[in-house]
Amino acid sequence: MSSSSDPLLNPDTMTVASKELASQPENSKSDVSKPASSDDNVFSIVYSVLKKVAIVGAIYFVGYMGWSMAWLITPIMFSVTREQWKKSSQLKRDISILSAISSERDVILAKITDLPAWVYFPDVERCEWVNRILHQVWPNANHFAKDLVRDVIEPNVAKALAGYKLNGFKFDRIILGQVPPRIGGIKVYDKNVARNEIIMDLDLSYTSDCDINFQLAGVRGGLKHFQIQGMVRVIMKPLIAKMPLVGGLQIFFLNNPNVDFNLVGIVDLLDMPGLSDMLRKIIVEQIGAVMVLPNKLPITLSDAVAAHDLKMPEPEGVLRIHVVEAKNLMKKDISVLGKGKSDPYAIVTVGAQQFKTQTIDNNVNPKWDYWCEACVDVSHLTLLGIKLFDWDRTGEHDPLGRATIEISNAVKRGLVDTWLTLEDAKHGMVHIRLTWMNLTANPNDLQSALEETQLLRVSSMSTALLTVFIDSATHLPLARPQSKPDPYMVLSVGKQTQQTPVQMRTDAPIWEQGFTFLVANPDNDTLQLRIVDQKTDKELGRFTYILSALLEKSGMEIVSQPFQLQKSGPESKLTMTLALRILKKAPNMEDEAQTAITERGDTVEELSRQTSSKSDVSPVPPLRKQDSRMSNHSYGNDTDSGVANEEVNVALTASKTSASPSPDLSEQTSGLLHRTPSMTSSAGIAGRGRIQLTLRYSVQRQRLVVIVHKIMNIPLKDPSSIPDPYVKLYLLPGRSKESKRKTIVVKDNCNPVYDSTYEYIISAAELMTTELEVTVATQKGFLSGGSPVIGMLKIALNEPEISQQGLTSWYDLLPESGFE
């Protein structure tokens, strides 16, 4: 647990207590509330003597065998590091235990300075009153928590540990102790709250005196001094007109809580940095899967409320995240000459949802171009976090910095494209783009959503969101003779798979659990359901639902409908609720507000006249502008009228072609190629030939696309030596290896055809100051006294046509000497 999350013991009595605790011997700190007995002292003396004998014996044995001193130094360093880490962790736990057994008034006053600014404290008695209620009801809540740990947490932890080749995890005993959770701050919301709900936030701190025993890989161990701290939100809804006046509760952490614990028994060997972090990570993940947004722990209080009304997921939208790149990151790797580079990767966190980019080796300016999507409930989740790390083979990945961004900015603007300065780092920035997607129940919006994903050309993007509420199943077949099954359900859409908890000894399981799935294309995807017996892994039934059927339903949903299970008994049925929502790109609310203000003024008529006066076809650019776009160098006005007319016709054709955008870039560029004159009779103003290129910049994907179509009329100086041309591309300034692109070599051809496509990840701001260098060369080297370069040109990429519609045109090749 990080030091920033520890309780602040500001009063003098608490500070003195912690100092005294830190100065006590290690044996006396193992249990703050229990004095050391004479048996403990005898054991301590015996243990100390045996430890010294073992150390002396090890030193003698190493010298006797003539081994290297590394055999002695390495375990000593390992032992010292572990002891120091355990002392630091134990001190933090002991301070938390002191706060747990102290009076409410002292602890709350001590933590006031550490609480968020919004927490309202009219008087300390309010928190004391709540904590006394928790103390009173804790024995009963204890039973509920034990069932939750055994039924939900245990199987998920066992499955996660199995991924690390640690099998056989099982709780033997769960005693959560007598110390209840403590509430340090309370806020009840009175704004932006629906009429039928009550929302409040609680600053929860739980330092337990638990006694939990478990088995792992055939070894028995224990867990004590379990601690958890975080901000908990409680939603009481819906409000009903009969007792208990509240239909149910939804309880969840706003972000992953801070978790700490102490391992005892034989598995105490795992209690060291790295190994215990693995177990702590698994526990945090399982807590997040149960009750960290977007996951909620629902509790039904009244039978008058339908289960799916309280327990079905209800995201407000989908946040589309694009981690583009980073720059000027810290150098963490050590090389022969000192500090080398880093191998950076990024982890994006949205509540309990985490996404990891690929690792870029040996680079402090990585370009990830990583896309992901997260289901978001904006009214509860406000921040997106991103952390950068340097990958290390030892597993101890060094942090490169972190940053956060408000999700509400994307909701208001529709799109946020920004560079974030990294915190906890000497330098570095990360480029991130957020797009907010609303959820609609209109099936007519599906086509535009499909076109949007095709334009992005990212296969992992979604067009719809499916929410599933699995209620129950009935009359399942027996997996074993004379024994009822232990069923659980596996749900899958595409590559996404989720499952329900196991219901023990029943052929009519009641799950009442909701799930969400991102759907690539509802016209093609299906929901696959399988019911499996845990003991035998035998399939008890299955069901397949074609999602396109939901597009024809009213509101694109079905509520509490029974379905006949396949490969099961004739009376086996499954009851569930389904709802499909289409992702629609959100408009810019700020622009809409400004537009509404403008329309209320007297400028509406003037604006409409200006709009109606615009031509559908872009005007033909002047010939001089076209010449300047083809080359940065002028060779006079020796271009004949035929070439000039051809250039104007090409520009006009390209503008007409670009006026009707296509959802797919490949289709658009193929249209440009088809409609643009594919031949040219000119050898260019320098007599070195001409090259046909397509340039287009996608703002959504932050990609520059360059298509090298063909070269025409390369001069043939020696008929016995026909050139073998190829094309090289660089981005300027810099001409780095990362920006180098090269076509294939076409043998013995003065009019080679390539039709090769190349992409660059580049931001819109960088595009304005970047040029594309194009070099045409030959492997035979027949020009300029054997120089392989046939011709070159530079193209400024700040042309508006490149970013708006795309530009296909012929460009004159110029001598290499003109660019020196």
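Quantities reported herein were computed from a predicted structural model and do not represent experimental measurements. All residue numbers here refer to positions counted from 1 along the written sequence of the relevant chain. In view of the model being predicted, local features appear only for residues whose pLDDT reaches at least 70, and side-chain atom pairs are presented and counted only at 80 or more, with totals across whole chains, interfaces and linings using the full set of residues. The basis for every side-chain value is the complete set of heavy atoms in the structure, and neither hydrogens nor water enter the calculation.

**Regarding the overall build of the chain**
Put simply, the test is: What counts as a helix is a DSSP run of H or I of at least four residues, what counts as a strand is a run of E of at least two, and both are numbered from the N terminus. Residue exposure (1.4 Å probe, protein chains only): buried if accessible area is under 20% of the type maximum, exposed if over 50%, otherwise partly exposed. Residues count as neighbours in contact if any of their non-hydrogen atoms are within 4.5 Å of one another. For the area figures, the Shrake-Rupley method with a 1.4 Å probe applies, and any residue is considered shielded solely by the protein chains shown.
A tally of helices and strands in the chain yields 16 helices and 34 strands. Every one of the 820 residues in the chain was classed for burial, and the buried ones make up 46%. Partitioning the intrachain contacts of the chain with sequence separation of at least 6 by distance along the chain shows that 67% fall at a separation of at least 24. For the chain, the exposed surface amounts to about 41,600 Å²; the carbon and sulfur share of it is 54%.

**Considering the pairing of strand β6 (residues 248-253)**
What counts is decided by this rule: Paired strands are those between which DSSP finds at least two bridges.
Here β6 lies mainly inside the structure; six of its six residues are buried. Side chains Gly248, Gln250 and Phe252 project from β6 onto one buried face, and the interleaved Leu249, Ile251 and Phe253 project onto a second face that is buried too. Pairing analysis gives five bridges linking strand β5 (residues 219-236) to β6, with the strands arranged antiparallel. The partner of Val234 across the bridge, within β6, is Ile251.

**Concerning the sheet that holds strand β30 (residues 741-742)**
Strand order across the open sheet formed by four strands is β30-β29-β32-β33, with antiparallel pairing between neighbours. The sheet is open, and its two edges are formed by β30 and β33 (789-796), each paired on a single side. As paired strands, strand β32 (residues 771-778) and β33 are joined by seven bridges and run antiparallel to one another. Following the sheet pairing, Thr775 is matched in β33 by Met792.

**Regarding a nonpolar patch on the surface**
Short version of the rule: Each patch is built from salt-bridge-free residues with over 30% relative accessible area, joining like charges within 9 Å and nonpolar side chains (Val, Leu, Ile, Met, Phe, Trp, Tyr) within 5 Å. Note on definitions: salt bridges are taken to be side-chain nitrogens of Lys or Arg within 4 Å of carboxyl oxygens of Asp or Glu.
Residues Ile45, Val49 and Val53 make up a contiguous nonpolar surface patch of roughly 290 Å² in combined accessible area. Examined against the element boundaries, Val49 turns out to sit in helix α2 (residues 38-65). On the basis of relative accessibility, which here comes to 47%, the residue Val49 falls in the partly exposed class.

**Observations regarding the packing of aromatic side chains**
Geometrically, a pair of aromatic rings is defined through the distance of the ring centres and the angle of the planes. Selection criterion: What counts as a ring pair is set by centres within 6.5 Å for rings of Phe, Tyr and Trp (its six-membered ring), and what kind of pair is set by the plane angle: stacked under 30 degrees, edge-to-face over 60, tilted for all other angles.
Counted under the stated rule, the structure contains six aromatic pairs. An angle of 25° between the planes, with centres 5.7 Å apart, marks the rings of Tyr345 and Phe389 as stacked. Of the two residues, Tyr345 is situated in strand β12 (residues 344-350) and Phe389 in strand β15 (residues 383-390); the sequence distance between them amounts to 44 residues. The two residues Tyr345 and Phe389 agree in class, both being buried. Ring plane angle 45° and centroid distance 5.0 Å describe the contact between Phe543 and Phe563, whose orientation is recorded as tilted.

**A closer look at the nonpolar core**
Most often, soluble globular proteins have nonpolar side chains that are buried together. Stated formally: Only buried Ala, Val, Leu, Ile, Met, Phe, Trp, Tyr and Cys residues count toward a nonpolar core, and they belong to the same one when joined by side-chain atoms within 4.5 Å.
Counting residues in each nonpolar core, the largest one holds 44 residues, and the members touching the most others are Phe226, Phe253, Val259 and Phe261. Every residue in contact with Phe226, bar those within four places of it in the chain, is listed here: Tyr206, Thr207, Ser208, Cys210, Val259, Asp260, Phe261 and Ile283. In this structure, Ala326, Ala346, Ala403 and Ile432 belong to the second largest nonpolar core, which totals 42 residues.

**Re the pattern of salt bridges**
Considering all chains together, one arrives at 23 salt bridges under this definition. With its nearest N and O atoms 1.8 Å apart, the salt bridge here joins Asp369 to Arg703. Highlighted residues: Asp369 in strand β14 (residues 367-376) and Arg703 in strand β28 (residues 703-712), separated in sequence by 334 residues. Take Arg703: its relative accessible area is 14%, and that puts it in the buried class.

**Observations concerning the sheet that holds strand β27 (residues 690-698)**
How we decide: Axis definition: a line fitted to C-alpha atoms, over the contacting stretch in the case of helices. Angles run 0 to 180 degrees between N-to-C directions.
On the basis of which strands lie adjacent, the open sheet formed by four strands has the order β31-β28-β27-β34 and antiparallel pairing. The open sheet is flanked by β31 (753-761) and β34 (807-812), the only strands paired with a single partner. Recorded for the sheet is a direction-independent mean angle of 20° between the axes of neighbouring strands.

**A few points about the confidence of the model for the chain**
How we decide: Known as pLDDT, the predictor's confidence for each residue is given on a scale from 0 to 100.
Averaged over every residue, the pLDDT of the chain is 76; residues scoring 70 or more account for 72%. The model gives residues 112-123 a pLDDT under 50, and that stretch makes 22 contacts with residues more than four places away or in other chains. Confidence over residues 602-675 falls short of pLDDT 50; this stretch has 88 contacts with residues more than four positions distant or in other chains.

**Comments concerning the environment of Pro399**
Considering the arrangement of structural elements, one finds Pro399 in strand β16 (residues 398-406). Taking C-alpha positions, Pro399 is 9.2 Å from Pro344, a pair spaced 55 residues apart along the chain. Every residue in contact with Pro399, bar those within four places of it in the chain, is listed here: Met330, Lys332, Leu388 and Phe389.

**Digging into helix α9 (residues 446-456)**
Every buried residue of α9 is accounted for by Leu446, Ala449, Leu450, Glu452, Thr453, Leu455 and Leu456. Here the buried face of α9 lies against β9 (317-327), β14, β26 (573-585) and β27. Once α9 ends, the next one or two residues include Arg457, with phi positive near 55°.

**Quick look at the pairing of strand β20 (residues 487-493)**
Consecutive side chains of a regular strand alternate in pointing toward one face of the sheet and then the other. Most of β20 sits out of view: seven of its seven residues are buried. Of the two faces of β20, the one carrying Pro487, Met489, Leu491 and Val493 and the one carrying Tyr488, Val490 and Ser492 are both buried. As paired elements, β20 and strand β21 (residues 496-499) share four bridges and run antiparallel to each other. Each residue of the ladder has a partner; that of Val493, found in β21, is Gln496. In this antiparallel pair of consecutive strands, β20 and β21, the connection spans two residues, and Gly494 shows a positive phi of 65°.

**Observations regarding the environment of Arg735**
Selection rule: Pairing of N or O atoms within 3.5 Å defines a polar contact, subject to two protein rules: one partner must be a possible hydrogen donor and the other a possible acceptor, and residues neighboring in sequence count only if both atoms are side-chain atoms.
Following the sequence through the fold, Arg735 ends up in the loop between β29 (725-732) and β30. On the basis of relative accessibility, which here comes to 42%, the residue Arg735 falls in the partly exposed class. Taking the C-alpha atoms as reference points, Arg735 and Glu773, 38 residues apart in sequence, are found 8.5 Å from one another. Sequence-distant contacts of Arg735, that is, excluding residues within four places in its chain, are made with Tyr730 and Glu773. Of note is the side chain of Arg735, whose polar atom sits 2.6 Å from the side chain of Glu773.

**Focus: the environment of Arg402**
Structurally, the position occupied by Arg402 is in strand β16. Separated by 27 residues in the primary sequence, Arg402 and Met429 have C-alpha atoms spaced 9.3 Å apart. If near-sequence neighbours (up to four positions away) are discounted, Arg402 is found in contact with Ile386, Lys387, Thr421, Leu422, Glu423 and Asp424. Separated by 2.7 Å, the side chains of Arg402 and Asp424 make a polar contact.

**Focus: the side chain of Glu325**
Structurally, the position occupied by Glu325 is in strand β9. A distance of 2.8 Å separates a polar atom in the side chain of Glu325 from a polar atom in the side chain of Lys367. What Glu325 contacts, discounting residues up to four positions off in sequence, is Pro366, Lys367, Trp368, Trp419, Val430, His431, Ser763 and Glu766.

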